[in-house]
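# Results of the structural survey
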Amino acid sequence: MTTPARNRYVVVACVSYAVLALAWIFLSDRLLSTFADMESIVSLSTAKGVFFVCASTTAFFFALRSVPAADATGMGRLMDALATGVAPGRRPRWLTWFFAVTITLAMLLVRQRLSVGFGDPPLLIVFMFPIILSALLGGLGPGLVSTAMAALAVDYLAIAPQHSLRIANSVDLLQLAFLVVNGVAVSVLSEMLRRSLIRAELDRRLLDAVISSTPDAVFVKDTEARYLLANAAACALAGKAREEIIGRDDSVLFPEATAREMMAMDRAILATGRTHTTEELVTTHTGRTRVFLGTRGPVIGEAGRVVGLFGIARDITEHRSAEAELRKLNTGLEQRVAERTAELQSANTELEDLAYALTHNLRAPLRAISGFSQVLVEDHAGTLDTEARKCLAQITQASGDMGELIDGILALLRCTRGELKRETVDISVLAGRRLGKLAHGEPLRQIVWDVEPGLSATGDTEMLDVVMAHLLDNAWKFTRGTTQPVIRVFAGQVDAVAGICVSDNGAGFDMAHANRLFNAFQRMHRQDEFPGTGIGLATVQRIIRRHGGEIRAEAVPGAGATFCFSLPAGNGGNGGSS
Amino acid sequence: MNRGTILLVEDNPQDEMLILRALKKSNLANNVAVARDGQQALDYLFGEGEFAGLAGTELPTVVLLDIGLPRLSGLEVLERLRKDPRTRLLPIVILTSSDEERDRLVSYECGANSFVRKPLDFGEFAATVARLGVYWLATNEPPRDRASR
């Protein structure tokens, strides 16, 4: 980092001031002494004082103008606090006080010697020298000490009446007042200058600390894309010392292709004056390609002109590779999940196949049991007594029940096997056909049925036929004890989704047991009231669920039951095993 | 009336007894030969192995073929029979307890003339078997008058 230009300005101003002031001190009083009359000396002395004040004020004006204005914000105060505590290169406080006292005393000594040659004028102007030096070095305090010491000493030693603080002559008083005012002004201005310098230095150091310690590469270039500034990270990236970088452009720092790209981006920034963040592939001096997230923007000078550009580049190669790793892991995980799911599905399918085969294989022995009982009844009835015939009848009954169970289980298992077709199914037609069949089977039952026309659903026709058959068979069965049975099929809702309902005014059931309603082999009525296997509703629910739909039941014991199911129009449920 | 003969290929002795009883009720029991596995059925039909003595004699009118058989399955037997010119047109009825759609499809694809599921209910079962016997021996006209081994 270079020394700010304003510091040079301050030095020049101060040195010029010191030289001019000293020259003035040695010349002006000598000039004055050439005038004999008192009036002229007084007026010239006043003019001399005014001139001196004007000159020193001008010098301070120029010195201070180049220093940033003090701000009264919280940040400014914080900076002041930091400046007094942390500011680097500060001289010990006592040294500046000591210096002020010493140099003032030294000047007093010089003045006493000079007064021998010059006669007896107060020769106050010489004291501006120690006052200014003290103020510049130590700020307000030492400046004021020097001023006070000079004023008191001159008053006591040089101004008549001597060896007293009283002042007899009003011209002397005026001169002394000038000295004090000048001294105070110089002290105050010096203090302001000192604080500003300290703050500027602190700002610079803070900025420098941030820029040099960040792992991001930071650089500033001029309008020709030559480096004006490059931090340690930028130097490491280029693989060159700072001296080799400053004043050069990217073409000597990076491989050709990379340099061309980077300089093209620089030109774009310089041309548009807009800040731009982008991901860059940079091939470094070692030949490795790294990924950077780079922000480039214009450096705006006076009058809003683009005078250069800055850039901050962060190496995100590790991030990127970590992300890639994570993606790979995720993909692997997804694959593992898919594999496990497939394994599970396969195991499930195997189990269902086993259940199916098992159930299926029960048929042959069952047929033998019922068949041979039947043979006994048909062919050997004469040799069997009543008790034996009763037993045979029970065997026939039991094997018939078991046959129904087996068929039910097979139907239940079948509804999750095979492909699930999705077609538009006319539920009204299915319902009408099933009810017609039921009426045909039991022509003596007087049942009123009401099927809403045009009910349709999306699903597998055969399976939905099974659903409607079970629901309507149930309605038919459970209205057996009802005097005026009514079965209705109508459009309804399931969990706020459009669905289809089947209702009856039959036996109903207690809703307390509704949660088990759809479990296999779960029955709501005694076998001697309403016979059944308890598989029908389990099958219905399995089919509806496989379609991605839902089924609900509402019932009141003795007043009937309503079953509503929904079938999503789109691709709802899973395909089950195939 | 020449009723012809039936070859029943059935490995389950109870099913065999029940089928034979049902056929007997229709007075068809005398015309029934029984093979108890797929290989035996082929030997019988081609007059080979233990049935070498049958070579050159008349083939049965119809074969009632179960699918789940030991050694050679019913479908394999069906395939072999359809490949051989002697039995290419022999009426074959698949009589099985399988309700797999695949079995039914493959059966027809392999050239079965009929596919009948054994009913679980004995009454229905007996009636079905009786109907089959009467239909294939009396009602149906076979492809050849005298197909021989």
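Structure: above.
Quick caveat, the model's predicted, so the values are computed rather than measured.

## Overview of the overall build of chain A
Within chain A, the regular secondary structure consists of 16 helices and 12 strands. Within chain A, contacts between residues separated by at least 24 positions form 63% of all contacts whose residues are at least 6 apart in sequence. Total accessible area on chain A stands at roughly 31,700 Å², and carbon and sulfur atoms take up 62% of it.

## Quick word on the sheet that holds strand 2 (residues 32-35) of chain B
Strands belonging to one sheet form pairs held by backbone hydrogen bonds; the direction of such a pair is parallel or antiparallel. Residues and elements named next belong to chain B. Across the sheet, 5 strands lie side by side as 2-1-3-4-5; this open sheet has parallel pairing. The strands lining the two open edges of the sheet, one partner per strand, are strand 2 and strand 5 (114-117). With strand direction ignored, the average angle separating the axes of adjacent strands in the sheet is 20 degrees. Note that strand 1 (residues 6-9) and strand 2 share 4 bridges and pair parallel. Across the sheet, Ile-6 pairs through a bridge with Val-32, a residue of strand 2. Helix 1 (residues 13-25) rests against strand 1, strand 2 and strand 4 (92-96) of the sheet, and its axis sits at about 170 degrees to strand 2.

## A word on the environment of A:Thr214
Residue and element names in this part refer to chain A. Relative to the helices and strands, Thr-214 is located in the loop between helix 7 (170-213) and strand 1 (217-222). In this structure, the C-alpha to C-alpha distance between Thr-214 and Ala-232, residues 18 residues apart in sequence, is 8.5 Å. Leave out the neighbours within four places in its chain, and Thr-214 touches Asn-231 and Ala-233. A polar contact is formed between the side chain of Thr-214 and the backbone nitrogen of Asp-216, at a distance of 3.1 Å.

## Digging into unusual backbone geometry
All names here are of chain A. We note that Ala-303 has phi near 65 degrees; this positive angle belongs to a residue other than glycine. Relative to the elements of secondary structure, Ala-303 occurs in the loop between strand 4 (289-300) and strand 5 (306-315). Classification of Ala-303 as exposed rests on a relative accessible area of 81%. Phi at Asp-495 is positive, roughly 50 degrees, even though this residue is not glycine. One can find Asp-495 in the loop between strand 9 (486-494) and strand 10 (497-504).

What counts, and where the lines are drawn
Numbering of residues starts from 1 in each chain and follows the order in which that chain's sequence is written. Labels follow written order: the first chain is A, the first ligand is 1, and so on. Given that this is a predicted model, residues contribute local features only at a pLDDT of at least 70 and side-chain atom pairs are listed and counted only at 80 or more, while totals for whole chains, interfaces and linings are drawn from all residues. Excluded from the side-chain calculations are hydrogens and water; all other atoms, namely the structure's heavy atoms, are used. Starting at the N terminus, helices and strands are each numbered in turn, a helix being any DSSP run of H or I of at least four residues and a strand any DSSP run of E of at least two. Contact between two residues is taken to exist if any of their heavy atoms lie within 4.5 Å; hydrogens are not considered. Here the open area of atoms and residues is found with the Shrake-Rupley method and a 1.4 Å probe, where only the protein chains shown may cover a residue. Between any two strands, pairing holds if DSSP finds at least two bridges. Think of each axis as a best-fit line through the C-alpha atoms, taken over the contacting stretch in the case of a helix, with angles from 0 to 180 degrees between the N-to-C directions. Nitrogen and oxygen atoms within 3.5 Å of one another constitute a polar contact, given that in protein one can donate a hydrogen and the other can accept it, and given that sequence-neighbouring residues count only through two side-chain atoms. Each residue gets one of three labels from its accessible area relative to the maximum for its type: buried under 20%, exposed over 50%, partly exposed in between, using a 1.4 Å probe on protein chains only.

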